[in-house]
Amino acid sequence: MAKWTRLQLAAALMLGLVGPAAADQITTDTDRATVPVMTALGMRELPALPQKIVVLDIAAADTLAALEVPIAGLPSRLYVDYLNKQQAEAAPMGTLFEPDFEAIAGLAPDLIVAGGRSSRQVEALSEIAPTIDMTIWGASHVDLALSRLRSYGALMGRGEAATALETAFLAKLEATRAAVDGRGRALIVMTNGPKVTTYGAQSRFGWLHGALNLPEAVIEQPEATSGDEAQTAKAAEAATHGEAISFEYIAQANPDWLIVIDRASAIGQDNQAAAATLDNALVTGTEAWKKGQIIYLDSAAIYIAGGGIQSMTATLEQIRAGFAVGG
């Protein structure tokens, strides 16, 4: 990647290669322009406008695609249909869990973006090229996702596009929040063939409760005592992988709304569909089922690309539309 002086950066602004919003976040010295980027491991100063990027995180690929940033290398399978164009144009770089280090090195990227499932490979990948961990996780899911969007916008010279995407997302968030207001309690469940897990407000999908002020339909559990390592480990496991539940649990929680994610469908497996799994006497007796208030999300988008700006915007629209037609 070419080094930029202040004069070159000014010329790039005049030619429209860098937007004003991005330029505001770029610092220069006598040799090159850099951009401060907040990563999952802290702040990094990165060279601006990397030309060849390998992306090993689907949420990052989602957001970079929305910003129309070319991606040189991607995992061999993305699972989300709306990234088919990017998949076809990028070189295969192994899988999310097992990157092809030889292929990545052969591509000689300026930047590698990891995160989520590939985050454990950051140290090894850093031996090839500057690598950032852009994992999105925890109760601040939306804030982190929008922070990632702004960072990508500044780094790639797409600041104005990032602002437009954020504005559209926030409008969608407000409209969805209004649609769910006062409409009752929801239970988020994920099926995997015949198995069912639930995800609460502190889980990977909990942003739907927090960001939308959507009350949970839960069965109260005894609180963990301070220092109870077993309970702490169980809570962490539930946040990541959900809490395995029975159909009796769903019946007892009796949600007004069921929000459903089909894991098997998300990863392309031909297992029992979520609708068939939930169609039993215990679940059909809930208020959600009786009123037709069951929302089946685009499972690949939220499960595989969760935190991507396209994924989050589409999920909000599905929630809003579902509440609009519910009983």
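On a predicted model such as this, the values are computed, not experimentally measured, just so you know.

Enquirer: Explanation requested: the side chain of Ser-311 in the structure shown.
Expert: Structurally, Ser-311 can be placed in helix α17 (residues 309-325). If near-sequence neighbours (up to four positions away) are discounted, Ser-311 is found in contact with Asp-62, Tyr-82, Ala-301, Ile-302, Ala-305 and Gly-306.

Enquirer: Help me out: how do you make sense of the packing of aromatic side chains in this one?
Expert: Here the distance between the centres and the angle between the planes together describe a pair of aromatic rings. Counted according to the given criterion, the structure contains 2 aromatic pairs. Sitting above the plane of the Tyr-303 ring, Arg-117 keeps its charged end 5.4 Å from the centroid.

Enquirer: Would you mind showing me how to read the confidence of the model for the protein chain here?
Expert: Regions with low pLDDT should not have their predicted coordinates read in detail. Averaged over every residue, the pLDDT of the protein chain is 87; the share at 70 or more is 83%. Confidence drops under pLDDT 50 across residues 1-8; counting only partners more than four residues distant or on other chains, this segment forms 19 contacts. Confidence drops under a pLDDT of 50 for residues 229-237, and excluding neighbours within four residues, the segment shows 2 contacts in the predicted structure.

Enquirer: Looking at this structure, I do not really get the nonpolar core. What am I missing?
Expert: For soluble globular proteins, the rule of thumb is that nonpolar side chains tend to be buried together. With 66 residues, the main nonpolar core has Val-55 and Val-113 as its most contacted residues. No other element matches the 7 residues that helix α7 (residues 141-155) contributes to this core. Membership of the second largest hydrophobic core comes to 16 residues, among which are Ile-245, Ile-250, Leu-278 and Ile-294.

Criteria and cut-off values
Residues numbered from 1 in each chain as written. Predicted model: local features only at pLDDT ≥ 70, side-chain atom pairs only at ≥ 80, totals over all residues. Heavy atoms only, no water. Helix = DSSP H or I, 4+ residues; strand = E, 2+ residues; numbered from the N terminus. Contact = heavy atoms within 4.5 Å. Phe/Tyr/Trp six-rings, centres within 6.5 Å; stacked < 30°, edge-to-face > 60°. Lys NZ or Arg CZ within 6 Å of the ring centre and 35° of its normal. pLDDT = per-residue confidence, 0-100. Core = buried A, V, L, I, M, F, W, Y, C linked by side-chain atoms within 4.5 Å. Buried < 20%, exposed > 50% of the residue type's maximum accessible area, 1.4 Å probe, protein only.

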